[in-house]
Amino acid sequence: MIYDTVIVGKGPAGVSAAIYLARANLRVLVIGKGYGALEGASVIENYYGFSEPIDARILHENGMKQAKRLGAEILEDEVIDISQNYEDGSFSVSTPNEKFLAKSVLLATGKARKNLKIPGFMDFLGKGISFCAICDGFFFKGKRIGVIGSGDYAAHEAQELVRFSKDITIFTNGKEAESDKFPPEVKFVKDKILKISGEDKVEKIETELNNYQIDGIFVAEGTAGAGDFALKLGIVTKDDNILVDSGYMTNIPGIFAAGDCIGGLLQIAKAVSDGANVSISIKSYLKNKNGKGK
Ligand SMILES: Cc1cc2nc3c(=O)[nH]c(=O)nc-3n(C[C@H](O)[C@H](O)[C@H](O)COP(=O)(O)OP(=O)(O)OC[C@H]3O[C@@H](n4cnc5c(N)ncnc54)[C@H](O)[C@@H]3O)c2cc1C
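The numbers attached to residues start from 1 for each chain and follow its sequence in the written order. Local features are withheld for residues below a pLDDT of 70 in this predicted model, meaning they are given only at 70 or higher, and side-chain atom pairs are given and counted only at 80 or more; totals for whole chains, interfaces and linings count all residues. Hydrogens are left out, water is left out, and the side-chain values use all remaining heavy atoms of the structure.

Caption draft 1: Here's a closer look at the pairing of strand β14 (residues 202–207). Here 5 bridges tie strand β13 (residues 193–198) to β14, and the two strands are oriented antiparallel to one another. Looking across to β14, one finds that Ser-197 is bridged to Lys-204. At least two bridges found by DSSP between two strands are what make those strands a pair. Every helix listed is a DSSP run of H or I at least four residues long, and every strand listed is a run of E at least two residues long, numbered separately from the N terminus. Bridge count for β14 against strand β15 (residues 211–213) is 3 bridges, and the pairing is antiparallel. Among the inter-strand pairings, Lys-204 is bridged to a residue of β15, identified as Gln-213.

The structure is reproduced here in structure tokens:
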């Protein structure tokens, strides 16, 4: 079964697009984990149509109920990978448990991932620190590799890296390992990371209890954000934002983006507006692609 559109992210942008696409009789799946930016918000007072302030979580839940009522499918899960099937131009969107086929994909994952607040981190970005195992794993063949993270996304990246090296250490940075999908051959270091150091490139990770000689570090803390998918798919970004054209399409035909992840005004009204607008472009893309979405 192939979806017309798989939407990554169930915030205002993703759910708004789902509402419009479902009402256009298209087969839509929304995959989202957690509340995104609304997690940090308590009450919303400046969104049109609410005479009284509304609880951010209630607004979120209401949006999802609305989309479901109109026929969109919503799955609470984390997307760990998106890839293109070059035979027919369709896309595969993977969670730790399943793979979904889609004719088009909408990235609505919110604000891209922040850099880690670890002394030395910013100094070695691109000098041994990478955000993408499939892109850069090859450069660390047979080397000592560290992965910073503890969840399914970190496990996914580690699965990619074991192709290149058997010396892989997962630094969970003070957390328990939260995924059961780590490759059996990896080692784990739980204690908190204090510093990353080296001369011209990364050479050492210093933790509360120990120092670890390392040749490369892959960052996979938390869930994969728009920036991570962009790296893997070759989507152009600028200043941590996904670049889109006037139709919200990225440089990859069939992949669209909307909401906070494309930057601009970081507000619900704009995210919802993006969702409505991008649905128009997705419909015409699908119509051109297979005469559907009249
Ligand atoms: C503290 C705070 C207060 C705010 N207050 C207001 C306010 O009063 N008024 C206002 O208009 N705006 C406010 N905002 C801004 C507003 O929340 C955002 O502009 C809006 O939520 C953006 O919508 P979005 O759909 O683009 O992203 P988000 O709402 O961030 O949603 C992104 C979705 O993607 C999901 N996701 C991300 N990565 C993955 C993955 N790999 N797999 C699966 N799911 C994933 C997230 O869990 C989330 O469901 C506030 C933001 C913050 C942080």
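Caption draft 2: Local environment of the environment of Asn-210. With respect to the helices and strands, the residue Asn-210 is situated in the loop between β14 and β15. For Asn-210, a relative accessible area of 40% corresponds to the partly exposed category. Through-space distance from the C-alpha of Asn-210 to that of Ile-82 is 36 Å; in sequence the pair is 128 residues apart. Beyond its immediate stretch of four places on either side in the chain, Asn-210 contacts Asp-191 and Ile-205. Exposure classes here rest on a 1.4 Å probe applied to the protein chains alone. A residue is buried below 20% of its type maximum, exposed above 50%, and partly exposed in between. Whether two residues touch is decided by their heavy atoms; if any such pair falls within 4.5 Å, the residues are in contact.

Caption draft 3: Structural view of the site of the ligand. Nearness is defined per residue: one heavy atom within 4 Å of the molecule or strand is enough. Neighbouring the ligand are 32 residues, the closest being Lys-33, Asn-46, Val-79, Ala-224 and Asp-260. Contact distances for the ligand include 2.3 Å between an oxygen atom and a backbone N or O atom of Lys-33. Think of a polar contact as two N or O atoms within 3.5 Å of one another; within protein, one of them needs to be a possible hydrogen donor and the other a possible acceptor, and neighboring residues in sequence only count if both atoms come from side chains. At a separation of 3.3 Å, an oxygen atom of the ligand approaches a polar backbone atom of Leu-266. Residue exposure ignores everything except the shown protein chains as possible cover, and the areas themselves are Shrake-Rupley values with a 1.4 Å probe. Look at the ligand: alone it shows 1,000 Å² of surface, and the protein chains cover 84% of it. Put plainly, a pocket is an open set of points on a 1 Å grid over the protein atoms alone with protein on both sides within 12 Å along at least five of seven lines, a cavity is a set where a 1.4 Å probe fits but cannot get out, and a lining residue has an atom within 4 Å of a point. Grid points define the cavity or pocket, and a molecule sits in it when more than half of its atoms lie within 2 Å of them. The cavity where the ligand resides is the largest pocket. Counting only elements with at least two residues in the shell around the ligand, the list comes to α1 (12–23), β2 (28–32) and α6 (268–290). Amino acids are sorted into nonpolar (Ala, Val, Leu, Ile, Met, Phe, Trp, Tyr, Cys and Pro), charged (Asp, Glu, Lys and Arg) and polar (every other residue, Gly among them). For the shell around the ligand, the class distribution of residues is 15 nonpolar, 12 polar and 5 charged.

Caption draft 4: Region of the structure containing the confidence of the model for the protein. pLDDT expresses, on a scale from 0 to 100, how confident the predictor is about each individual residue. This prediction gives the protein a mean pLDDT of 92; 97% of its residues lie at or above 70. The least confident element of the protein is helix α5 (residues 226–233), whose mean pLDDT is 82; the most confident is α1, at 98.

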